[in-house]
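# Inside the fold
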Amino acid sequence: MESIESNPKLLQQILPQDSGQWALVARLQSSLLNWKPAVQQDIPTWAETNRKLTHESAAEAGYYSLARTPYLREPLRAFDDGTNTVVLMFASQTGKTEACLSLLGYHVASDPCPILLLLPNIEFAKQFAKDRLQPLFANADCFDGIIEDPKRGDKQNTLLHRSFVGGRLTLAPATTATALASKAIRLLVADEIDRFEHSAGIEGDPVDLAIQRTVTFAHSRRILLTSTPTLKGVSRIEKAFADSRQAFFQVPCPNCEAFQVLKWSNVRWQHNEPDTAHYVCQECETSWTEGQRLASLQSGKWVEQYPHRKTKGYHLSGLYSPWVSLVDAVTRFLEVKNDPERLKVWT
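What you see is a predicted model; the values in this text were computed from it and never measured. (Residues numbered from 1 in each chain as written. Predicted model: local features only at pLDDT ≥ 70, side-chain atom pairs only at ≥ 80, totals over all residues. Heavy atoms only, no water.)

Let's shift gears to helix 3 (residues 43-50). Of all the positions in helix 3, only Ile43, Pro44, Trp46, Ala47 and Asn50 are classed as buried. End-on view of helix 3: buried residues confined to an arc of 165°, all on one side of the axis. (Buried < 20%, exposed > 50% of the residue type's maximum accessible area, 1.4 Å probe, protein only. Helix = DSSP H or I, 4+ residues; strand = E, 2+ residues; numbered from the N terminus. Arc of directions from axis to C-beta.)

This brings us to the nonpolar core. One finds Tyr71, Leu117, Leu133, Leu169 and Leu171 to be the most contacted residues of the largest nonpolar core, which totals 60 residues. With 7 residues, the single largest contributor to this core is helix 5 (residues 96-109). Sequence-distant contacts of Leu169, that is, excluding residues within four places in its chain, are made with Leu104, Ile115, Leu117, Leu133, Phe137, Leu160, His161, Arg162 and Phe164. If you look at the next biggest cluster of nonpolar residues, it comprises 20 residues, including Ile185, Leu188, Ala240 and Phe241. (Core = buried A, V, L, I, M, F, W, Y, C linked by side-chain atoms within 4.5 Å. Contact = heavy atoms within 4.5 Å.)

Let's shift gears to the pairing of strand 9 (residues 247-252). Strand 9 sits mainly inside the fold: 5 of its 6 residues count as buried. Bridge count for strand 9 against strand 14 (residues 301-304) is 4 bridges, and the pairing is antiparallel. By the bridge assignment for strand 14, Gln250 is matched with Lys301. Strand direction decides the pairing type here: strand 9 and strand 15 (residues 312-316), joined by 2 bridges, are parallel. (Pairing = 2+ DSSP bridges.)

A separate point is empty space enclosed by the protein. Using the criterion set out here, one finds 2 cavities of 30 Å³ or more in the structure. Along its surface, the largest cavity is lined by Pro75, Leu76, Phe79, Val86, Leu88, Ala99, Leu103 and Leu224. For the lining of the largest cavity, the secondary structure elements donating two or more residues are helix 4 (73-76), strand 3 (85-90) and helix 5. Each residue belonging to the lining of the largest cavity can be placed in one class, and the counts come to 8 nonpolar, no polar and no charged. (1 Å grid on protein atoms, 1.4 Å probe; cavity = no way out; pocket = protein on both sides within 12 Å on 5 of 7 lines; lining within 4 Å. Points joined across faces, edges and corners; volume = space filled by probe spheres on them. Nonpolar A, V, L, I, M, F, W, Y, C, P; charged D, E, K, R; others polar.)

A separate point is the packing of helix 3 against helix 5. Axis separation between helix 3 and helix 5 bottoms out at 9 Å; the angle between their running directions is 85°. Taken as axis vectors, helix 3 and helix 5 run roughly perpendicular relative to one another. Of helix 5, the residues touching helix 3 (which contributes Ile43, Trp46 and Ala47) are Ser102, Leu103, Gly105, Tyr106 and Ala109. Among the residues forming the contact of helix 3 with helix 5, the class breakdown is 6 nonpolar, 2 polar and no charged. (Axes fitted to C-alpha atoms, helices over the stretch in contact; angles between N-to-C directions. Parallel < 35°, antiparallel > 145°, perpendicular 65-115°, else oblique.)

Taking 1.5 Å as the rise per residue, helix 6 (residues 122-139) with 18 residues should run 26 Å; its terminal C-alpha atoms sit 25 Å apart, in good agreement. Of all bends in helix 6, the biggest is about 35°, found at Ala129. Taken residue by residue, helix 6 has Ala125, Phe128, Ala129, Leu133, Gln134, Pro135, Leu136, Phe137 and Asn139 as its buried positions. In this fold, the buried residues of helix 6 make contact with strand 1 (52-53), helix 5, strand 4 (114-119), strand 5 (161-164) and strand 6 (167-173). At the N-terminal end of helix 6, a side-chain oxygen is found 3.2 Å from the backbone nitrogen of Glu123, two or three residues along, and the residue is Asn121. (Expected span 1.5 Å × (residues − 1). Bend = angle between axes of the 7 residues up to and from the residue. Polar contact = N/O pair within 3.5 Å; in protein donor to acceptor, adjacent residues only side chain to side chain.)

Laid out in structure tokens, this is it:
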């Protein structure tokens with residue numbers, strides 16, 4: 001049997017030549033022949049293509065770039081193979097929060113679903129909404145017509161709750177059991193989990209309560225747990241990382257090219273002279289300049305200790321930060337080394 005696709009003249013038998021419908025069908029046929037499906041971007045590509053930073057929310061304005069934090073690319077792609085849970089045990093000033101924003105923005109714009117962003121307390125949530133989410137949505141054209149500004153008075157869109165086609169984004173404090181026991185979610189981002197209370201009221205661990213809300217989406221759910229670690233032995237993020245594949249970022253020595261994890265024990269300086277701080281290769285003991293330390297990040301790679309485990313976990317110390325020099329790190333260390341409470345924050 002002939003089809004219109006194989007014999008377009010059949011249209012002439014169905015519609016008269018002077019019919020306006022003939023012109024419409026012809027245009028539709030031409031459009032279908034030239035149509036190509038949109039290419040689905042991964043999260044790093046989406047972020048660098050769409051996200052825009054202003055001085056309101058970032059030190060460097062312009063299109064978001066992973067050029068200075070190349071170690072974020074693999075964690076942002078970690079869900080691509082169907083992995084359900086990803087753990088980021090990152091030091092401060094390493095771009096962890098930007099990774100969270102990229103994941104959230106991608107799902108709102110390209111893969112809409114019910115989302116919960118879990119934060120330590122209500123004040124933290126409100127501040128995050130104003131300082132980080134508002135600029136994220138306001139400065140990227142891809143959100144136009146998708147997500148509304150809560151200032152417009154729409155009851156469906158408030159500072160802590162945004163509705164959009166195909167999903168919703170709710171910011172909730174980890175202190176309230178009610179916020180953790182309502183609707184199902186597909187994407188859970190729990191940020192700074194080491195700052196969470198041990199229990200949400202009398203209901204139990206807030207992270208466990210939030211994860212229970214993803215059960216409906218058992219095969220497509222995505223769970224991101226992030227934090228700067230606090231006290232060893234009681235740290236939530238430390239435990240989550242210990243149960244993961246445990247990936248560490250290794251960089252090559254500029255002299256012997258041996259790959260290694262940057263460690264504080266290899267940072268050297270003359271007594272009480274932080275300006276002399278430098279990094280020493282663990283293999284050849286060559287001293288690295290600050291420029292060489294930063295350049296090594298471009299050739300770095302994540303190496304998993306337990307690749308058979310289901311959860312992917314990534315550990316990154318402050319020695320990888322492109323915004324904190326070794327001189328600054330040593331200066332800070334010398335200031336707090338004799339103060340146990342301040343040393344907790346420094347580490």
